[in-house]
Amino acid sequence: MPELPEVETVVRTLRPQVQGCRITAVDVLRERSLHPSGLPPETLVGLGIGAVRRRGKLALLELEAPAAACAAAAPDAGQGGPRPSLLAVHLRMTGRFMVHAEGSAPLRHTRIIFHLRRPDGTGAQLFFDDVRAFGLVFIATPELLDGWDFWRSLGPEPLEMRPADLGPRLRGRRAVKALLLDQTVLAGVGNIYADESLFRAGIDPRRPAQSLTAAEAESLCLALQDVLRESIAQCGSSIRDYRDANGDVGAFQNSFFVYGRGGQACRRCGGRLEKHRVAGRGTVICPHCQH
């Protein structure tokens, strides 16, 4: 958490607030929130923020070369070395972005502050807050990014797959849920959306992946895509700490069929939902609706 729909919502709500802004300074309040292979934060000074997008569970802020005036204002920034072209941010469990007014004091869990200059000349601050402090900000060039094992091994985007594409990726004796959680198989799926999509497809999460027929795999892909799109439309799921870049909570948690509902009645058949542990994660199953 956050998973694909939550990161997509963060990206969509952050984009209009920072796109076109220029980074004027960076305050790092917790060094370990920076990826150790990244460039120094001072190399960001003078760079503009272009596209803001998502890959899997990563928020990506594309960086643009500084204008001549900005480069002159910060003559030492980036001299003698490469300039970053991307901020890749892994929110992990509790990472979040929020834009604040210029001069705002850091909050209790603020880890990094990006000082921004908007196109109209006004200032702002982008806070990266992280309660659990597991998140990472990677100040990267394309070469550095390609050297990051996590990035290089990411599987395809679920919303960009054809239904027939999922089956060939579900191989071996591992539980089908374990493969859905494996970021090298699919990028962006976590515990919530694995449980919800398997329920909708009528598939027991404990089944060996190789036991699924081609038709079942296609059904699972369609169910997963439906669940992801519905969650994005409702701004994701807010279980504990998740907020979008406007500080708003999501609403998809109100539509859960199984996640977090162990011991309650199935909303489809009325039977009792069971809680198990699959792939090391708490998993809720309806024994009547999932086979």
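Residues numbered from 1 in each chain as written. Predicted model: local features only at pLDDT ≥ 70, side-chain atom pairs only at ≥ 80, totals over all residues. Heavy atoms only, no water.

Chemist: Kindly report on the overall build of the protein, identifying the contributing residues and their values.
Modeler: A count of helical and extended segments in the protein gives seven helices and 10 strands. By the compact-globule yardstick of 19 Å for 291 residues, the protein fits well, its C-alpha radius of gyration being 21 Å. Principal-axis analysis of the C-alpha atoms gives the protein an extent of 65 × 35 × 30 Å. Classification of the 291 residues of the protein by burial places 52% in the buried group. Long-range contacts, defined as pairs at least 24 residues apart, comprise 68% of the intrachain contacts of the protein with a sequence gap of at least 6. Taken as a whole, the protein presents about 12800 Å² of accessible surface, with 50% of it coming from carbon and sulfur. If you average the places of the 37 positive and of the 31 negative side-chain charges in the protein, the two averages end up 7 Å apart. (Helix = DSSP H or I, 4+ residues; strand = E, 2+ residues; numbered from the N terminus. Rg over C-alpha atoms; globule rule 2.2 N^0.38 Å. Buried < 20%, exposed > 50% of the residue type's maximum accessible area, 1.4 Å probe, protein only. Contact = heavy atoms within 4.5 Å. Areas by Shrake-Rupley, 256 points an atom, 1.4 Å probe, with all protein chains shown as cover. Lys, Arg positive; Asp, Glu negative; His and termini not counted. Charge placed at Lys NZ, Arg CZ, Asp CG, Glu CD.)

Chemist: Explain the packing of helix H6 (residues 191-201) against helix H7 (residues 214-233) residue by residue, including any values.
Modeler: Helices that pack against each other are described as a pair by the angle of their axes relative to one another and the distance between those axes. As a packed pair, H6 and H7 sit with axes 8 Å apart at the nearest point and diverge in direction by 125°. Here H7 runs oblique to H6, going by the angle between their axes. For the pair H6 and H7, the sense of crossing is right-handed. Contact with H6, carried on its side by Tyr193, Glu196, Ser197, Leu198, Arg200 and Ala201, involves Ser219, Leu220, Ala223, Leu224, Asp226, Val227, Leu228, Glu230 and Ser231 of H7 and no other residues of that element. Class assignment of the residues belonging to the contact of H6 with H7 gives a composition of eight nonpolar, three polar and four charged. (Axes fitted to C-alpha atoms, helices over the stretch in contact; angles between N-to-C directions. Parallel < 35°, antiparallel > 145°, perpendicular 65-115°, else oblique. Left-handed = near helix turned anticlockwise from the far one by under 90°. Nonpolar A, V, L, I, M, F, W, Y, C, P; charged D, E, K, R; others polar.)

Chemist: For helix H1 (residues 4-18), give the residues involved together with the corresponding values.
Modeler: Here H1 contains 15 residues, and its C-alpha end-to-end distance of 21 Å stays within 8% of the 21 Å for a straight helix at 1.5 Å per residue. Most of H1 is tucked away, with 11 of its 15 residues classed as buried. Of all the positions in H1, only Leu4, Pro5, Glu6, Val7, Glu8, Thr9, Val10, Val11, Thr13, Leu14 and Val18 are classed as buried. (Expected span 1.5 Å × (residues − 1).)

Chemist: Give me the lowdown on the environment of Gly46, citing residues and values where you can.
Modeler: Tracing the backbone shows Gly46 in the loop between strand E1 (22-28) and strand E2 (48-55). Judged by relative accessible area, which is 5%, Gly46 ranks as buried. Separated by 166 residues in the primary sequence, Gly46 and Leu212 place their C-alpha atoms 52 Å from one another.

Chemist: Tell me about the packing of H1 against H7, residues and numbers included.
Modeler: The contact between H1 and H7 brings their axes to 9 Å, and the two run at 40°. For the pair H1 and H7, the sense of crossing is right-handed. Contact with H1, carried on its side by Leu4, Pro5, Glu6, Glu8, Thr9 and Arg12, involves Leu228, Ser231 and Ile232 of H7 and no other residues of that element. Tallied by class, the residues present in the contact of H1 with H7 amount to four nonpolar, two polar and three charged.

Chemist: Which residues make up unusual backbone geometry, and what values do they have?
Modeler: The residue Arg92 is not glycine, and still its phi comes out positive at about 50°. Checked against the element boundaries, Arg92 lands in the loop between strand E4 (86-90) and strand E5 (95-101). On the accessibility criterion, Arg92 (35% relative accessible area) is partly exposed. At Ala279, a residue that is not glycine, the phi angle is positive and equals roughly 55°. Along the chain, Ala279 turns up in the loop between strand E9 (274-278) and strand E10 (281-285). Given the relative accessible area of 46%, Ala279 is considered partly exposed.

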